[in-house]
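What follows is the residue order along each chain.
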Amino acid sequence: MNSKKVDRIATGVIYLLVAIVILILVGILGNILIAGVPHLSWHFLTSTSSSFEAGGGIRDQLFNSLYLLVLTLLISLPIALGAAIYLAEYAQDTWVTRLIRTTIEILSSLPSIVVGLFGYLLFVVQFGLGFSIIAGALALTFFNLPILTSNIEQAIEGVPQTQREAGWALGLSNWKTIRGIVLPAALPGIITGVILSAGRVFGEAAALIYTAGQSGSTVDYSNWNMFSPTSFLNVMRPAETLAVHIWKVNTEGIIPDVNLVSAATSALLVIVVIIFNFGARFLGNWLYKRLTAAKVK
Amino acid sequence: MNKHEQDLQEVVDQAIAQQKVAHVKFKKIDPESVDITRLTSQSKETRQERWGKGLTALAIVIIAILIVAIIGFVGVHGLATFVNDKVNIFHFLFSSSWNPSAGKDHVGAAAMIVTSFAVTLLAALLATPFAIAIALFMTEYESGKQTRFLQSVMELLVGIPSVVYGFLGLTVIVPVIRTIFGGTGFGILAATLILFVMVLPTITSLTVDAFKAVPKDLRQSSAALGATRWQTIYHVVLRAARPRILTAIIFGMARAFGEALAVQMVIGNAVLMPYNLVSPAATLTSQLTSQMGNTVMGTLPNNALWSLALLLLIMSLVFNFLVRLIGKKR
């Protein structure tokens with residue numbers, strides 16, 4: 001009788017704690033969306049930000065965030081893919097491999113501000129790139145690589161061994177088997193991993209403050225010359241992203257509508273992250289069905 | 001043609017001369033058409049294999065170089081405070097007088113170290129019961145729909161960018177603390193509450209793994225002895241999963257310790273030894289974020305900041321090491 005009572009109390013406490021967490025999430029999401037969405041207008045998305053007046057938008061920050069994301073993925077995806085293939089297919093269990101795995105784990109647990117400061121030292125100062133999009137993209141690559149690598153490695157390891165054996169039985173080289181059989185089979189998992197890491201990169205700010213910079217230069221969207229200082233494609237111009245913008249207006253904000261701007265930008269960021277999250281799962285499942293004609297559990 | 005290839009040529013010639021199967025036409029195979037170099041050279045497959053392996057190994061090398069470079073660069077700059085500026089390392093760790101522009105006697109990071117550890121420990125303490133409850137809910141109590149729902153709740157919490165948490169803290173938590181406790185509202189308490197939400201998903205997902213790793217027959221034996229669900233959980237599941245739960249908590253602490261912007265926005269950024277939970281303070285990360293742009297490369301104030309960065313790096317390595325240590329004991 002007594003132990004049954006304890007059991008009931010414990011169950012009650014567990015359900016209560018779970019309910020509190022759900023309430024917290026609902027509170028957070030509700031707060032962000034209710035405060036921000038009403039201010040998300042076309043005008044807000046397409047006008048330039050203002051440094052001291054009210055009514056500024058986030059056009060350049062939005063573009064910078066996307067541009068930086070694309071550049072980061074362009075740099076980090078090939079490296080992560082290569083590293084993941086090596087770890088999953090070639091690496092033997094030696095001390096070298098174990099050391100490399102440890103290294104990747106350490107890299108993934110480094111504070112992003114440390115990664116950002118290292119990017120500042122190496123790219124901004126040492127390589128003389130200055131505060132620039134490319135320096136930001138390189139720093140984000142550091143931040144992104146370990147997560148992307150382990151995601152892709154998991155996806156590759158999830159491919160059944162029999163599929164590889166089928167490839168070898170056909171006389172294909174190991175490499176051809178990987179390229180022709182393993183990678184396509186792992187594609188849904190890889191894409192899910194890439195999108196999830198893209199979501200993280202999109203919201204990252206600490207690694208960018210001292211690499212991509214905090215100031216937006218004037219940008220001309222009709223100038224397609226990548227080497228012109230005002231071109232929107234120029235990778236050497238300093239660029240502020242959405243997340244950095246929120247941080248900046250809140251810490252040194254002198255614009256009067258700081259709460260409006262940050263609330264709307266926060267809502268935008270959260271919406272994008274939600275889309276990324278669901279998009280990753282949806283696209284992964286859809287691709288899996290298309291490629292394998294199998295039922296997803 | 002080297003020796004090896006000559007030998008091969010001889011063997012081929014012999015084979016063609018001796019061929020006795022009458023009905024097979026060997027017209028095309030006359031000694032001249034046999035390309036010995038092709039027979040002895042690597043096959044296409046071998047070349048592909050080398051390429052592939054080399055290419056992927058290169059990626060690994062790049063990653064390895066990156067981590068060595070990070071530790072090297074941050075290490076060199078962080079040590080400059082002690083080597084070039086002759087700051088006493090014990091003074092740096094245990095003094096709380098922080099004003100590096102005033103000279104080397106004022107480079108004491110103790111206040112920030114204490115604050116960093118305080119917010120980290122408090123956040124982990126607060127998050128652990130919740131994380132264990134959610135993990136139990138997902139593995140022992142409910143399954144299917146509820147579990148998937150909670151999992152997406154956790155994924156969303158992870159996905160929300162840290163500056164958004166900082167902004168929420170600034171507009172919601174800080175004012176609430178201000179009305180309840182007075183003062184500015186900025187401080188360790190606000191930072192703890194923000195970090196609590198940020199580390200919760202990390203600790204939860206690892207704790208779920210920990211519970212899932214507990215063999216089913218342990219639970220069944222416990223149930224067969226007549227134990228209630230809670231008795232089974234308390235005496236068997238929690239005990240068996242303890243090392244992994246500890247690992248989960250350390251992972252969460254590592255995340256909390258390194259979090260910069262969200263903390264910087266709500267902690268108040270005053271480098272003072274914290275004397276209560278609601279007075280403005282500064283962590284290692286918050287000081288780095290807010291001050292790095294205000295110093296000149298190579299000067300003492302700048303070097304001192306790099307020493308903070310080095311400290312962060314070392315702490316991150318220590319957390320990693322602890323996780324490994326506990327993992328080995330298991």
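About the thresholds
Along each chain, the written sequence defines residue order, and numbers are assigned to residues from 1. Starting at A for chains and at 1 for ligands, labels are handed out in the order in which the entities are written. Totals for whole chains, interfaces and linings use every residue, but because this is a predicted model, local features are given only for residues with pLDDT of at least 70 and side-chain atom pairs only at 80 or more, for both listing and counting. Hydrogen atoms and water are omitted, and side-chain values are computed over all heavy atoms in the structure. Inter-axis angles, ranging from 0 to 180 degrees, are taken between N-to-C directions of lines fitted to C-alpha atoms, where helices are fitted over the stretch in contact. The secondary structure listing takes helices from DSSP runs of H or I that are at least 4 residues long and strands from runs of E that are at least 2 residues long, numbered from the N terminus. Angle categories are assigned with fixed cut-offs, so that under 35 degrees is roughly parallel, over 145 is roughly antiparallel, 65 to 115 is roughly perpendicular, and the rest are oblique. Handedness of a crossing is defined here by the sense of rotation of the near helix relative to the far one, left-handed for an anticlockwise turn of less than a right angle and right-handed for a clockwise turn. When checking whether two residues touch, look at their non-hydrogen atoms; a contact exists if any pair is within 4.5 Å. When residues are sorted by character, Ala, Val, Leu, Ile, Met, Phe, Trp, Tyr, Cys and Pro go into the nonpolar class, Asp, Glu, Lys and Arg into the charged class, and all the rest, Gly among them, into the polar class. pLDDT is a per-residue confidence score from the predictor, ranging from 0 to 100. In this scheme, a helix's expected span is set at 1.5 Å multiplied by one less than its residue total. One axis fitted to the seven residues ending at a residue, another fitted to the seven starting there: the angle between these axes is the bend at that residue. Within this scheme, the nonpolar core is defined by two criteria: the residues are buried Ala, Val, Leu, Ile, Met, Phe, Trp, Tyr or Cys, and they are joined through side-chain atoms within 4.5 Å. Burial classification: accessible surface area is computed with a 1.4 Å probe over protein chains only, and a residue below 20% of its type maximum counts as buried, one above 50% as exposed, and the rest as partly exposed.

## Digging into the packing of helix α7 (residues 161-169) of chain A against helix α8 (residues 174-203) of chain A
All names here are of chain A.
Consideration 1: Interaxial distance between α7 and α8 falls to 9 Å at its minimum, and their mutual angle equals 140 degrees. Relative to α8, the element α7 is oriented oblique. Crossing angle aside, the handedness with which α7 passes α8 is right-handed. Contacts between α7 and α8 involve Q163, R164, G167 and W168 on the former and, on the latter, N174, T177, I181, V182 and A185.
Consideration 2: Residue composition of the contact of α7 with α8, grouped by class: four nonpolar, four polar and one charged.

## With respect to the confidence of the model for chain B
If pLDDT is low for a region, its predicted coordinates should not be looked at in detail.
Residues and elements named next belong to chain B.
Consideration 1: Here chain B averages 86 in pLDDT, while 94% of its residues score no lower than 70.
Consideration 2: Between the elements of chain B, mean pLDDT differs from a low of 71, seen in helix α2 (residues 36-40), to a high of 93, seen in helix α5 (residues 110-141).
Consideration 3: Scoring of the predicted complex yields 0.86 for pTM and 0.87 for ipTM.

## As for helix α8 (residues 188-212) of chain B
Consideration 1: Here α8 of chain B spans 34 Å end to end across 25 residues, near enough to the 36 Å set by a 1.5 Å rise per residue.
Consideration 2: For α8 of chain B, the principal kink sits at V199 of chain B and spans about 35 degrees; a proline, P201 of chain B, occurs within the next four residues.

## Considering the nonpolar core
Residues and elements named next belong to chain B.
Consideration 1: Judged by nonpolar contacts, the single largest core of 193 residues is most densely connected at V74, F92, W98, Y165, L200, F211 and L308.
Consideration 2: Tallying contributions element by element places α5 first for this core, with 16 residues.
Consideration 3: F92 has contacts with F82, V87, W98, V107, G108, A109, A110, A304, S307, L308 and L311, leaving out every residue within four places of it along the chain.

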